[in-house]
Amino acid sequence: MRSASAGTAGSLEVEVARGPVVESRHRVHGVVADHSGTTLRWGDPDLRIWLRSAAKPFQALPLIEDGAADHFGLSEKEIALCCGSHNSEEAHIEVVRSILHKAGVAERLLGCGPHPPLLAARRAALADSGTRPTSVMSNCSGKHAGMLALAAFHGWPLNSYMHPDHPVQRRMRGEIARWTGVDPAGMPTEADGCGVPTFAITLRDLARGSARLAAASSSPGPARRVLGAMMRNPFMVAGSERLCTRLMEEEDGQVFAKVGAEAIYMAGDLKSGTGLAVKVEDGAWRAAPPALLAALDRAGVLAPGTMDALTDFAEPVMKNTLGDVVGRMRIREIPCS
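Analysis parameters
Residues numbered from 1 in each chain as written. Predicted model: local features only at pLDDT ≥ 70, side-chain atom pairs only at ≥ 80, totals over all residues. Heavy atoms only, no water. Buried < 20%, exposed > 50% of the residue type's maximum accessible area, 1.4 Å probe, protein only. Helix = DSSP H or I, 4+ residues; strand = E, 2+ residues; numbered from the N terminus. Pairing = 2+ DSSP bridges. Phe/Tyr/Trp six-rings, centres within 6.5 Å; stacked < 30°, edge-to-face > 60°. 1 Å grid on protein atoms, 1.4 Å probe; cavity = no way out; pocket = protein on both sides within 12 Å on 5 of 7 lines; lining within 4 Å. Points joined across faces, edges and corners; volume = space filled by probe spheres on them. Nonpolar A, V, L, I, M, F, W, Y, C, P; charged D, E, K, R; others polar. Contact = heavy atoms within 4.5 Å. Core = buried A, V, L, I, M, F, W, Y, C linked by side-chain atoms within 4.5 Å. Lys, Arg positive; Asp, Glu negative; His and termini not counted. Salt bridge = Lys/Arg side-chain N within 4 Å of Asp/Glu carboxyl O. Polar contact = N/O pair within 3.5 Å; in protein donor to acceptor, adjacent residues only side chain to side chain.

Chemist: Just checking my understanding: could you explain the pairing of strand 1 (residues 11-18) for this structure?
Modeler: Two faces belong to every sheet, and in a regular strand the side chains alternate between them. Strand 1 sits mainly inside the fold: six of its eight residues count as buried. The pairing of strand 1 with strand 11 (residues 325-334) spans seven bridges and is antiparallel. Looking at the pairing, glutamate 13 lines up with arginine 332 of strand 11. Relative to strand 2 (residues 21-34), strand 1 is paired through seven bridges, and the arrangement is antiparallel. Counterpart to glutamate 15 in the pairing with strand 2 is arginine 25. If you look at the hairpin formed by strand 1 and strand 2, you'll find two residues sitting between the two strands, and glycine 19 has a positive phi there, around 65°.

As structure tokens, then:
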């Protein structure tokens, strides 16, 4: 890892340019942390964010730690999918159903609401076939299947697993607090897009938690199993044409990444025990991949060639309705004044 100077590195913006004119700017906040604390930051490291789906790797840990994964014989693909925000591709749906079958839980108990797939090609295929999305197609169905499996293992009620006071959700709160170092009583809670509770912490907290996960992966335990499952099965974490999957494929088991709604990413480098968290201030989904890759590149954790291999995410082109390239997104770094 290249040495990153402690303190602020100024600000990052994702610019959207059409020809010589910048049409839009998306401000980025980011934090890099290791065992000693914050090593690099852009914008406001203490910006409070809702974790949304960036929490999923933490939320999968109780499956391992409590013994549910071993009891039900969950495979690495199934553990990885519990961490995923998937594309609703056939392989994803098959694995969700396998988790439920092994846990003896009916598919109708999935509490996540249906929505069109995240992948455009998959949305079009379902529309062409007249297939209506169901709960198992939710990008969060893997997480929900994991939560139901945890409840089934402990003998906790299944119908109410999404309620904030349910033992599963209390377990989720405690796990996130443990890894991020946040007082669980001080974490605001609201309903996530898929219906289960989500929690608010700072970017610095998330980077710290990511760093602790990365460092813990060097020893036997839940963190090693969860991160190993993600990185050996990156397709389960997202799917075709998605940055989480492509980045973990390129980094060959050294860097993990997980996206969250409203343009959040958490990531970690296993080699150095470094964690990273970024947030695009206005929540623009399109700006999140360039923001993550720019932050990882500046933190020095990417292997040579990764940025070149992921140019389509680092500097996406903008096309019009005719398919013509009419603009490009790019990162601008604003030095400290």
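Let's pick the thread back up.
Chemist: What's the story with the packing of aromatic side chains in this structure? I'm lost.
Modeler: Remark: the centre distance and the inter-plane angle together describe each pair of aromatic rings, the angle taken between the planes. Under the defined criterion, the tally for this structure stands at one aromatic pair. Taking 6.5 Å as the distance between ring centres and 80° as the angle between the ring planes, the aromatic pair formed by phenylalanine 72 and phenylalanine 153 counts as edge-to-face. Remark: phenylalanine 153 occurs in helix 6 (residues 141-154) and phenylalanine 72 occurs in helix 2 (residues 68-72); sequence separation between them is 81 residues.

Chemist: For this particular structure, what's the right way to read unusual backbone geometry?
Modeler: Negative phi characterises most residues that are not glycine, and trans characterises most peptide bonds. Even without being a glycine, aspartate 252 presents a positive backbone phi close to 50°. Looking at where aspartate 252 falls in the secondary structure, it is placed in the loop between helix 11 (243-251) and strand 7 (255-260). For alanine 263, which is not glycine, the phi torsion reads 65° and is therefore positive. Considering the arrangement of structural elements, one finds alanine 263 in the loop between strand 7 and strand 8 (264-269).

Chemist: How should I be thinking about empty space enclosed by the protein in this particular structure?
Modeler: To find leftover empty space, one rolls a probe the size of a water molecule over the atoms. Per the stated rule, a full pass over the model turns up two cavities of 30 Å³ or more. Space inside the largest cavity adds up to approximately 70 Å³. Counting only elements with at least two residues in the lining of the largest cavity, the list comes to helix 1 (56-65) and helix 6. Taken together, the residues of the lining of the largest cavity sort by class into six nonpolar, two polar and two charged. As a volume, the second largest cavity reaches approximately 30 Å³.

Chemist: Quick question: what am I supposed to make of the layout of surface pockets here?
Modeler: Considering only enclosed or pocket space, the largest pocket measures out at about 590 Å³ in volume. What lines the largest pocket is a set of 22 residues, and nearest its centre among them are Glu241, Arg242, Trp285, Pro289 and Phe313. Looking at the lining of the largest pocket, the elements that each hand over two or more residues are helix 11, helix 12 (288-299), helix 14 (311-314) and strand 10 (317-319). If you tally residues by element for the lining of the largest pocket, the top one is helix 11, at three residues. Split by residue class, the lining of the largest pocket holds 15 nonpolar, two polar and five charged. Taken as a whole, the second largest pocket holds about 230 Å³ of empty space. Tallied by class, the residues present in the lining of the second largest pocket amount to six nonpolar, six polar and three charged.

Chemist: Would you take a moment to explain the side chain of asparagine 139 for this structure?
Modeler: Residue position: asparagine 139 is located in the loop between helix 5 (120-129) and helix 6. Dropping the residues within four chain positions of it, asparagine 139 is found in contact with Ser53, Lys56, Gly84, Ser85, His86, His115 and Leu118.

Chemist: Hey, could you run me through the nonpolar core in this one?
Modeler: Nonpolar side chains in soluble globular proteins tend to end up buried together. Formed by 106 residues in total, the largest nonpolar core has its most connected members in Leu206, Leu213, Leu247 and Leu292. The element that contributes the greatest number of residues to this core is helix 12, accounting for seven residues. Ignoring anything within four residues of it in the chain, the contact list for leucine 247 reads Val255, Ala257, Leu292, Leu293, Leu296, Leu302, Thr306 and Leu310.

Chemist: Would you take a moment to explain the pairing of strand 11 for this structure?
Modeler: Where strand 10 and strand 11 come together, three bridges link them in antiparallel fashion. Looking across to strand 11, one finds that methionine 318 is bridged to glycine 327. Linking strand 10 to strand 11, which pair antiparallel, is a turn of five residues; within it glycine 323 sits at a positive phi near 85°.

Chemist: So what exactly am I meant to see when it comes to the side chain of glutamate 251 here?
Modeler: Here glutamate 251 lies in helix 11. Buried glutamate 251, no salt bridge; nearest opposite-charge side chain is lysine 271, N-O distance 4.4 Å. Reaching out from glutamate 251, the side chain makes a polar contact with the backbone nitrogen of alanine 303 at a distance of 2.9 Å.

Chemist: Before we go on, may I ask you to explain helix 1 in this structure?
Modeler: What sets the pattern is the α-helix's 3.6 residues per turn: residues three or four places apart point alike. Along helix 1, nine of the 10 residues are buried, which leaves the element largely enclosed by surrounding structure. Buried residues of helix 1: Lys56, Pro57, Phe58, Gln59, Ala60, Leu61, Pro62, Leu63 and Ile64, and no others. Glycine 67, located one to two residues past helix 1, shows a positive phi value of around 100°.

Chemist: Honestly, the environment of phenylalanine 313 in this entry has me stumped. Any pointers?
Modeler: Within the fold, phenylalanine 313 resides in helix 14. When the C-alpha atoms of phenylalanine 313 and aspartate 46 are compared, they prove to be 27 Å apart, with 267 residues separating the residues in sequence. Leave out the neighbours within four places in its chain, and phenylalanine 313 touches Glu241, Arg242, Leu243, Arg246, Pro289, Pro290 and Leu293.

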